Amino acid sequence: MASGVQSWTAVHARLRAAVDADPHIELRPHAIVRSVGQDADSAWVITSNQQTFRGDVVIGADGHGSVVRGGVAPDKPDATFAGYLIWLGLTDESSLASSRRLPRDVDILSGGEDYLLGYPLPGPDGSVAPGSRQAGWAWYDASHNDLLRATGSVVGNVVRRSLTSTDKDVGMPTRHTSSDQQKRHG
């Protein structure tokens, strides 16, 4: 198995199990955090309905528009664009052609500014037996930066929002099939 590489499902399951096992942790899944703060005794969040939650630690896992980042680093509240999109994929090993084998660890292919990583992961049941695992991949794609800028996802060097399914045709070159070209010229 790839050392240190894990699926989000596995990470989430372990985090959720830790939360469920600790009576001192309260999960507030749909709370909208509007501000954060801290003093010598505690850290806190204030939600959109003006509730205040205090604790020893506030963990900011709130993405590119992080309220927590703005509270911790007010001089750098924005997510800085890394210069690439990342496409992630996961499939069952059993769905791959039998002639394809998973790498033993992380395999990296590079071409210009793009990198493709492939790696084995335990199966959904945790199995590491060949045929029961999952294949994960990550494509670091610098070729679609114009799409990010055309959709307003990246402005200057700041990430403003994620791409959505409605962004799929914005700024992308149109591909024509040979039958399309025959219709236009024939």
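In the block above lies the structure referred to throughout.
Residues numbered from 1 in each chain as written. Predicted model: local features only at pLDDT ≥ 70, side-chain atom pairs only at ≥ 80, totals over all residues. Heavy atoms only, no water.

Colleague: Break down the overall build of the protein chain for me, citing the residues and quoting the values.
Modeller: Secondary structure summary: the protein chain contains 4 helices and 10 strands in total. Listed by position from the N terminus, the elements making up the protein chain come as α-β-β-β-α-β-β-β-β-β-α-β-β-α. For the protein chain, buried positions account for 22% of its 186 residues. When contacts within the protein chain are restricted to residue pairs at least 6 apart in sequence, long-range pairs at least 24 apart make up 45% of them. (Helix = DSSP H or I, 4+ residues; strand = E, 2+ residues; numbered from the N terminus. Buried < 20%, exposed > 50% of the residue type's maximum accessible area, 1.4 Å probe, protein only. Contact = heavy atoms within 4.5 Å.)

Colleague: I'd love a proper account of a nonpolar patch on the surface, names of residues and values included.
Modeller: Residues W87, L109, L116 and W137 make up a contiguous nonpolar surface patch of roughly 380 Å² in combined accessible area. Tracing the chain through its elements places L116 in strand 7 (residues 114–121). (Patch = residues over 30% accessible without salt bridge, like charges linked within 9 Å, V, L, I, M, F, W, Y side chains within 5 Å. Areas by Shrake-Rupley, 256 points an atom, 1.4 Å probe, with all protein chains shown as cover. Salt bridge = Lys/Arg side-chain N within 4 Å of Asp/Glu carboxyl O.)

Colleague: Go over the sheet that holds strand 9 (residues 154–155) with me, naming the residues and quoting the values.
Modeller: Spatial ordering of the open sheet is given by 4-10-9, a layout of 3 strands whose pairing is antiparallel. Pairing within the sheet leaves two strands with one partner each, and these edge strands are strand 4 (79–80) and strand 9. (Pairing = 2+ DSSP bridges.)

Colleague: Lay out the pairing of strand 2 (residues 43–47) in plain terms, naming residues and giving numbers.
Modeller: For strand 2, the buried fraction is high: 4 of the 5 residues fall into the buried class. Examined bridge by bridge, strand 2 and strand 3 (residues 52–55) share 4 bridges and lie antiparallel to one another. Residue pairing in the sheet places V45 in a bridge with F53 of strand 3. Hairpin geometry of strand 2 and strand 3 is characterised by an intervening segment of 4 residues between the two adjacent antiparallel strands and by a positive phi of about 65° at Q50.

Colleague: Go over the packing of aromatic side chains, please, and point to the residues and values.
Modeller: Under the counting rule described, the total for this entry stands at 2 aromatic pairs. Centroid distance Y84 to Y140: 5.0 Å. Interplanar angle 70°. Geometry classified as edge-to-face. Within this pair, whereas Y84 is found in the loop between strand 4 and strand 5 (85–92), its partner Y140 is found in strand 8 (residues 134–141), the two being separated by 56 residues in sequence. On the basis of relative accessibility, which here comes to 34%, the residue Y84 falls in the partly exposed class. With a centroid separation of 6.2 Å and an interplanar angle of 25°, the aromatic rings of W87 and W139 are classed as stacked. You can see W87 sitting in strand 5 and its partner W139 sitting in strand 8, a full 52 residues away along the chain. Classification of W87 as partly exposed rests on a relative accessible area of 35%. (Phe/Tyr/Trp six-rings, centres within 6.5 Å; stacked < 30°, edge-to-face > 60°.)

Colleague: Pulling in residues and values, what's your account of the environment of G83?
Modeller: One can find G83 in the loop between strand 4 and strand 5. Judged by its relative accessible area of 25%, G83 falls in the partly exposed class. Expressed as a C-alpha distance, the spacing of G83 and N157, which sit 74 residues apart in the sequence, is 8.6 Å. With residues up to four places along the chain from it excluded, the contact list for G83 reads A142 and N145.

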